[in-house]
Amino acid sequence: MSVQSHYENHLAAFYAWMSGNFETKQQEQQEWFASRGVLPRGNKTAIDLGAGHGLQSVSLAKLGFTVFAVDFNQHLLSDLNARAKGLPIRTVLANLKDVPQYATEAELITCMGDTLTHLENIETVQTLIGQWFDLLPAGGRLALSFRDLTEELFGEQRFIPIRADDDRIHTCFLEYAPGYVRVYDQLLEKSNGEWIQKVSSYRKLRMGADFVKEMLTGAGFRVVQHDVIARMQYLLAEK
Ligand SMILES: C[S@@+](CC[C@H](N)C(=O)[O-])C[C@H]1O[C@@H](n2cnc3c(N)ncnc32)[C@H](O)[C@@H]1O
C-alpha cells in the first residue's frame, strides 16, 4: 500500500477526528510559529507542504501569510477549504515531490506534522531539501517537524492508542525495519451495533534530528531553532 493510497482508502476519512480538537491543535502550531519569530517579513507568502486539514496553513494565514497549501489528498484539502473561509489560503492538489507544481516565490516553506517521514527514502528527502533551498530567497526559511523514529520500541510498546470514543477506536501498531517503520492504522468503527475492523499500513522513514540537520546544512541552510514538543522534532532553518 503506497502512502497516497493509505490516505485515500483509509486514513483521510478519519484524520480530522483522530487529530483531536482542531482549534486547540491549530493554536499550538500558531504559538510555535509566533514564539519562534516565524512571521511575515518578506513577500508574506508561505508554501505549506503536506498541509492535511490545515493545522499549519490556518496558523500561518492567521499570522499574516498568504498560504499555498499543498497535499495529494483531496479529502483533506476539502476539509482545509471548509476551515479556511475568509483566510488567504489556496489549496494545491499535488505531490510535494513535484516541486514545479507548487514552485512560487515564497519566503517560507513548511513541511510539518510528520509529513517528511512519509517520503520513500532519505535520498528523496535530501533532494527535496536542496530544491526547497533553491526556491527560497536569501533569508527565506524552512520549518520542519517530524518524529524521530530511530529508537526502536519492543513488544507491547508498539501498540499505541491514538483516540477512542463511543463509536470509534484508533490504534497504531509499529513494525520496525532498518531505515523505516511500518505503521498499521487499526480503526474499529461501530456500525449497527457491531464493531467493524479496518486496517491499513504504510511506511515511515526513521531519521534522527541530527541527521536532518546535517542534510539542511549540507544544502546551505543555517539551522536557527531546534525544539522537541510532544516527542515531535521542530527544526527551523534559514537560507
Ligand atoms: C501526518 S499528515 C500531516 C498533516 C498536517 N501537516 C498536520 O500537521 O496535521 C501528512 C500529510 O501529508 C500528506 N502527504 C504525504 N505525502 C505526501 C506527498 N508526497 N505529497 C503531498 N502530500 C503528501 C498526506 O496526505 C497528509 O495530509
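Rules used in this analysis
- Residues numbered from 1 in each chain as written.
- Predicted model: local features only at pLDDT ≥ 70, side-chain atom pairs only at ≥ 80, totals over all residues.
- Heavy atoms only, no water.
- Disulfide = S-S within 2.5 Å.
- Pairing = 2+ DSSP bridges.
- Helix = DSSP H or I, 4+ residues; strand = E, 2+ residues; numbered from the N terminus.
- Axes fitted to C-alpha atoms, helices over the stretch in contact; angles between N-to-C directions.
- Domains from an automatic or database assignment.
- Contact = heavy atoms within 4.5 Å.
- Buried area = accessible area lost by both parts, 1.4 Å probe.
- Salt bridge = Lys/Arg side-chain N within 4 Å of Asp/Glu carboxyl O.

Colleague: For this particular structure, what's the right way to read the state of the cysteines?
Modeller: A covalent bond bridging the sulfur atoms of two cysteines is what the word disulfide describes. Here the structure, examined in full by the defined rule, presents zero disulfides. With no disulfide of its own, Cys 111 has Cys 172 as its nearest cysteine by sulfur position, at a separation of 19 Å.

Colleague: Help me out: how do you make sense of the sheet that holds strand 7 (residues 168-177) in this one?
Modeller: Strands belonging to one sheet form pairs held by backbone hydrogen bonds; the direction of such a pair is parallel or antiparallel. The strand order across the open sheet built from four strands is 6-7-8-9, with neighbouring strands paired in antiparallel fashion. Strands with a single pairing partner mark the edges of an open sheet, and in this sheet they are strand 6 (159-164) and strand 9 (194-205). Strand after strand, the sheet turns through a mean of 20 degrees between neighbouring axes, direction not considered. Pairing analysis gives five bridges linking strand 6 to strand 7, with the strands arranged antiparallel. Within the sheet, the bridge partner assigned to Ala 164 lies in strand 7 and is Ile 169.

Colleague: It is not clear to me how the domain arrangement of the protein should be interpreted in this structure. Could you clarify?
Modeller: Interface extent is often summarised as the accessible area lost during association of the parts. Annotation of the protein at the domain level lists domain 1 (3-148 + 208-238) and domain 2 (155-204). Its C-alpha centre places domain 1 at a distance of 25 Å from the equivalent point of domain 2. Facing 13 residues of domain 1, the contacting portion of domain 2 comprises 16 residues. For the pairing of domain 1 and domain 2, the buried interface totals around 1,300 Å² over both sides, and the portion due to carbon and sulfur atoms is 62%. Three residues, His 6, His 10 and Trp 17, lead the burial of domain 1 against domain 2; their summed loss comes to 51% of the area buried on that side. Where domain 1 packs against domain 2, one counts one salt bridge.

Colleague: How should I be thinking about the sheet that holds strand 4 (residues 108-111) in this particular structure?
Modeller: Taken together, seven strands build an open sheet; the order of strands is 3-2-1-4-5-11-10 and the sheet is mixed. A strand with exactly one partner marks an edge of an open sheet, and here the two such strands are strand 3 (89-93) and strand 10 (222-229). Each strand axis lies, on average, 15 degrees off the axis of its neighbour in the sheet, ignoring direction. Looking at chain direction, strand 1 (residues 45-49) and strand 4 are connected through four bridges and run parallel. Note on strand 4: the bridge partner recorded for Leu 49 is Cys 111.

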